[in-house]
Amino acid sequence: MDKIELKNLLFLAKIGIADKEHPKIIEKLTNTFDLIDEMNELDLDKVQPLNNPLELNNVSRKDSDNDRNAKKDFLENSPESDEDYFIVPKIIE
Amino acid sequence: MAQNDTLVKGWQPVIGLEVHVQLLTNTKLFSPARNNFGEDANTLVDLIDMGLPGVLPVMNEEAMRQGIKFGLATSAKIAKTMIFDRKNYFYPDLPKGYQITQLHFPIVRDGIVDVDGKKIRIHQAHLEEDAGKSMHDQYDSKSTIDLNRSGVPLLEIVSEPDIRSAAEAVNYLKKIHQIITYLDISDGNMSQGSMRCDANVSIMRPDSKEFGTRAEIKNINSFKFVEKAINFEVKRQIKCLEGGETVEQETRLYDSTKDETRSMRTKEFANDYRYFPCPDLVPINISSELIKDISNNMDELPEEKEQRFRKVYKLDDYEAKVICAERQTANFFEEVSKNCDPKLSAKWIIGEVNALLNKNNISLGNSKITPDNFSSLMAKINDGTISGKIAKEVLEEIWSTGKNAEKIIKSKGLEQISDEAELESITQSVLDNNSRQVEAYKSGKDKLFGFFVGQVMKETQGKANPKSINEILKRLLSG
């Protein structure tokens, strides 16, 4: 992991970390990646991927609604809103 | 080898479509908020759609059933186990920061759609949630967000790159539209966004073994625009390659007002969605019992309906195809045929009714023509009360007022005159007033017969029974 890769990662995760912290983060992440590399050396061709650690299948619900409308609460608790909409910084020019 | 008429200036277009279909469930894919179009902003939102911390999505069984229906209708493989993944990206209309979709284990794989005799393969169809809606016109420097659509279940249907022309792409899309509306899993309303389409377009030389680099055109929202967008894009790529440039792999936007596709400026970093299995949702196993149950309760597909209509109502191939093109029309026809001669109704639906619908650009369901008032019209044609010509007039009146044919005929005095004595006296006066033509007819100008018929029709404002006129005229003229 180098500085450029870390910058990309921070961009994707929308996280800001001060430049002086970068070396420490790079070191920690490198250790993690080394561990993953070690695991990658195992022959896992015949092993089914584990998609969920819970031994649970088929959790689903019927198609019926809760008939709830919390519009007012949602809008009031958002950083910015008007009577009907959430308001965010302009996302197109 | 058959002549390849899909080539454009010596280049072969290669097209694959991704069609997003909003499913007709009561509630959203993972939350119990209602799924409906056109309601007040942000009223159909649950904690789960808001992406609040600690909430847990639970899959809607009905969305799964609808996905399975589509798989069965396209002879596809239904997954034994399907798994939901997270697709991560930040955008304000996606509060969670990720979309739940299916990447490696989609509900449906390897389907086939028959488009005018050509098999177009479906790579996969997967369940995923829709995003909210952003709008940019309310404030100068801000955007607004409506989350009613957030979490609405979508079936994304991904074709193989088997399509070779813009026209074929439109026909494929129409076929998908027909299937989903017949299955009643979507209303397929493109103008409301219930059905949206992305097109992957590339070109190559016809003898090439490899496809060219493709561009993806996003969010095309009508059949007409699909054709235009692809045609524009093919021409653009030809110009690129013949001018010595290369085609970039990129996402482009179709601008219908300028009829062109434009590059959506690629960001500094390429998209990196970091898919991984969604830990909130456990794998779903689909049993063969469930598939059997759905299959046994499935609505009739277009081909099956056509076949039945040919057999039961004695429609010919063309009539069956046109009547069954839309489920709405087929249901209408079947309702009307309970009381009327099916061949007569088919003829009128295909001809006059479709003409009115096309002219006014609305669907049968949104018009004032109902099985009831249409049946009354058919009955009046059948029993000879009105002629075909008058019937057209009555149909137009039904179209604009929705009234019953009987009422219209009575109030406008349009009944056919079948009274022999009355018709005979009218006919006689026509002959008296045209003695020169009668003379000519008798001396061998047979063609004048039509002239006399026309004159009688004129006298009666089209209300004379044509069969009776023929008989009366023949009798009087031979005298």
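Residues numbered from 1 in each chain as written. Chains lettered and ligands numbered in written order. Predicted model: local features only at pLDDT ≥ 70, side-chain atom pairs only at ≥ 80, totals over all residues.

Q: Explain the sheet that holds strand E5 (residues 85–88) of chain B here, please?
A: Remark on secondary structure: sheet strands pair via backbone hydrogen bonds, oriented parallel or antiparallel. Residue and element names in this part refer to chain B. With antiparallel pairing, three strands are arranged side by side in an open sheet as E6-E5-E16. Each of the sheet's edge strands pairs with one partner strand only, and the pair in question is strand E6 (98–101) and strand E16 (276–277). Pairing geometry for E5 and E16, over two bridges, is antiparallel. When the bridges of E16 are listed, Arg 86 appears paired with Phe 276. (Pairing = 2+ DSSP bridges. Helix = DSSP H or I, 4+ residues; strand = E, 2+ residues; numbered from the N terminus.)

Q: What am I meant to see in the environment of A:Asp82 here?
A: Locating A:Asp82 in the fold gives a position in the loop between helix H3 (71–76) and strand E2 (86–89). Placed 49 residues apart in sequence, A:Asp82 and A:Phe33 show a C-alpha to C-alpha distance of 46 Å.

Q: Help me understand the pairing of strand E7 (residues 108–115) of chain B in this model?
A: The two faces of the sheet receive side chains in turn, since in a regular strand these alternate between them. Residue and element names in this part refer to chain B. When strand E3 (residues 77–78) meets E7, the two strands line up antiparallel, connected through two bridges. Considered in E7, the bridge of Ile 78 is made with Val 108. The antiparallel hairpin formed by E7 and strand E8 (residues 118–129) contains two residues in its connecting segment, where Asp 116 sits at a positive phi of about 50 degrees.

Q: When you look at the sheet that holds strand E13 (residues 215–220) of chain B in this model, what are you seeing that I'm missing?
A: Residue and element names in this part refer to chain B. The strand order across the open sheet formed by nine strands is E3-E7-E8-E11-E1-E12-E13-E14-E15, and the pairing between neighbours is mixed. Each end of this open sheet is capped by a strand with a single partner; those strands are E3 and strand E15 (260–263). Where E13 lies against strand E14 (residues 251–255), three bridges are found, and the strand directions are parallel. Each residue of the ladder has a partner; that of Glu 216, found in E14, is Thr 251. Its contacts with the sheet put helix H4 (residues 223–242) on strand E1 (12–22), strand E12 (195–204), E13, E14 and E15, and the angle it makes with E12 is roughly 25 degrees. (Contact = placed C-beta atoms within 7 Å. Axes fitted to C-alpha atoms, helices over the stretch in contact; angles between N-to-C directions.)

Q: Would you mind showing me how to read the environment of B:Ser134 here?
A: Inspection of the secondary structure assignment puts B:Ser134 in strand E9 (residues 133–135). What makes B:Ser134 partly exposed here is the crowd of 19 C-beta atoms within 10 Å. It is 6.5 Å that separates the C-alpha atoms of B:Ser134 and B:Asp146, two residues lying 12 residues apart in sequence. The contact partners of B:Ser134, leaving out residues within four places of it in the chain, are A:Ile91, B:Pro92, B:Asp93, B:Ser143 and B:Ile145. (Buried ≥ 20, exposed ≤ 12 C-beta atoms within 10 Å, placed from the backbone.)

Q: Any chance you could explain the domain arrangement of chain B here in plain terms?
A: Many analyses report the size of an interface as the accessible area lost when the parts associate. The domains assigned to chain B are domain 1 (12–292), domain 2 (300–412) and domain 3 (420–478). Here the C-alpha centroids of domain 1 of chain B and domain 3 of chain B sit 66 Å apart. (Domains from an automatic or database assignment.)

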